[in-house]
Amino acid sequence: MHRSAPRLSRILACAAVPVMLVVAGCSSDSGGKDKKDSSASSSSSAAPSAKKSEASVAPAKFAALPDPCKSIAKKTVTSLVPYAKSKSGTPANSSDMSYRAGCSWNGLADKGVHGSQYRWLDVGFTRFDSDQALGSGAERAQQDYAKQVAKAKAAEGAKKVAEGPVSGIGEQATKITYDLTKTSEDFKYATIVARTENVVVTLTYNGAGYAGAKTPSADDILKGAEKAAKEAVASVATPAAADTKPDAPGKSAKTS
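Residues numbered from 1 in each chain as written. Predicted model: local features only at pLDDT ≥ 70, side-chain atom pairs only at ≥ 80, totals over all residues. Heavy atoms only, no water.

A. Looking closely at unusual backbone geometry. Residue S184 is not a glycine yet carries a positive backbone phi of 65°. Relative to the elements of secondary structure, S184 occurs in the loop between β5 (172–182) and β6 (185–196). Phi at A211 is positive, roughly 55°, even though this residue is not glycine. (Helix = DSSP H or I, 4+ residues; strand = E, 2+ residues; numbered from the N terminus.)

Take a look at the structure:
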């Protein structure tokens, strides 16, 4: 009996060792699994948030610009600049016509002893793409719109500068009128700055009477500018300018 007791103690001690190892092993496996599950859960929950952030900038509506020299009807051009040197217009220089384009017409109607009437019409388009870092095309265009209005109001030598909203032209439009003396003659100026989605349109119309001819009225110059600006803004929505495949947010956009 005395011999069997120590033997029995040794057997029980040995039997207890595997049990402890198994328990320790289970505890270790469970801890590792919890960490993996926690990491996977964290990664999974972060993914949708990242995707949502990437898609936060709305795509630009227009991916191209209209032909600026065709953006105003020939009938309108003839009415505003009856003796234009080039009835087809003179395109403005541009490194990329899909982002910046313009056209101008000017002419002098010589009335002999009754003097002459000079008219000048100019239209410019600037388009903005959406950019993840810079904002949507419409937002960027709105910023440029404000800059163009400020630029028109600050024209060098301008007198009697007046500003006001214009309805029915794009999403927003502003008229700026002023008088300007150059070549010893008094000119009447009207500039319309308008925005349609991600495109800014700036149109200027001015005129003067030479050699004793009567200076055109400010109202006539403004009405002509508004009519031409309305046609120019409408031309942006032509099939060639409408974006059938909007640019993806985050696309690198050119600054104009």
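Here the narrative resumes.
B. Looking closely at the packing of aromatic side chains. All chains considered together, the criterion is met by five aromatic pairs. Here Y118 and Y210 contribute two aromatic rings whose centre-to-centre distance is 6.4 Å and whose plane-to-plane angle is 80°, an arrangement assigned as edge-to-face. In this pair, Y118 is assigned in strand β3 (residues 116–127) and Y210 in strand β7 (residues 199–210), connecting sequence segments 92 residues apart. Among the aromatic residues, those joined into a cluster by ring pairs are Y118, Y178, F187, Y189 and Y210. (Phe/Tyr/Trp six-rings, centres within 6.5 Å; stacked < 30°, edge-to-face > 60°.)

C. Focus on the state of the cysteines. Tallied over the full model, the rule gives one disulfide. Here C69 engages in a disulfide with C103; their sulfurs sit 2.1 Å apart. Its S-S torsion of about 100° marks the bond between C69 and C103 as right-handed, since a negative value means left-handed. Of the two residues, C69 sits in the loop between α1 (4–54) and α2 (74–80) while C103 sits in strand β2 (residues 100–110), which places them 34 residues apart along the sequence. Using a relative accessible area of 16% as the deciding quantity, one classes C69 as buried. (Disulfide = S-S within 2.5 Å. Buried < 20%, exposed > 50% of the residue type's maximum accessible area, 1.4 Å probe, protein only.)

D. Region of the structure containing the nonpolar core. If you look at the biggest cluster of nonpolar residues, it comprises 32 residues, and the most contacted ones within it are I72, L121 and V123. For this core, the elements supplying multiple residues, two or more each, are α2, β2, β3, β6, β7 and α4 (218–235). With seven residues, the top contributor of residues to this core is α4. Other than its neighbours up to four places away in sequence, V123 contacts P68, S71, I72, A101, G102, C103, W105, V201, T202, L203 and A232. Within the second largest apolar cluster, 14 residues are counted, among which are V149, A152, I176 and V193. (Core = buried A, V, L, I, M, F, W, Y, C linked by side-chain atoms within 4.5 Å. Contact = heavy atoms within 4.5 Å.)

E. Inspection of the pairing of β6 at higher detail. Summarising burial for β6: 10 of the 12 residues are buried, a large majority. As defined by bridge partners, β5 adjoins β6 across 11 bridges and the pair is classed as antiparallel. Opposite K175, over in β6, you have I192 as the bridge partner. Between β5 and β6, which pair antiparallel one after the other, the connecting turn spans two residues, and T183 there sits at a positive phi close to 50°. Bridging between β6 and β7 involves 10 bridges; their strand directions are antiparallel. Bridge pairing in β7 places Y189 opposite N206. (Pairing = 2+ DSSP bridges.)

F. Just helix α3 (residues 137–153), in detail. Under the 1.5 Å per step criterion, the end-to-end length of α3 is 25 Å for 17 residues, consistent within 8% with the ideal 24 Å. Within the sequence span of α3, burial applies to G137, R140, A141, D144, Y145, V149 and A152. In the core, the buried residues of α3 are packed alongside β3, β4 (159–165), β5, β6 and β7. (Expected span 1.5 Å × (residues − 1).)

G. Expanded view of the confidence of the model for the protein chain. For the protein chain, mean pLDDT is 82; residues scoring 70 or higher make up 71% of the total. Segment residues 11–33: pLDDT under 50, and zero contacts once partners within four positions in sequence are set aside and those in other chains are kept. In this model residues 243–256 is a low-confidence stretch, pLDDT under 50, and it forms 34 contacts with partners more than four residues away in sequence or in other chains. (pLDDT = per-residue confidence, 0-100.)

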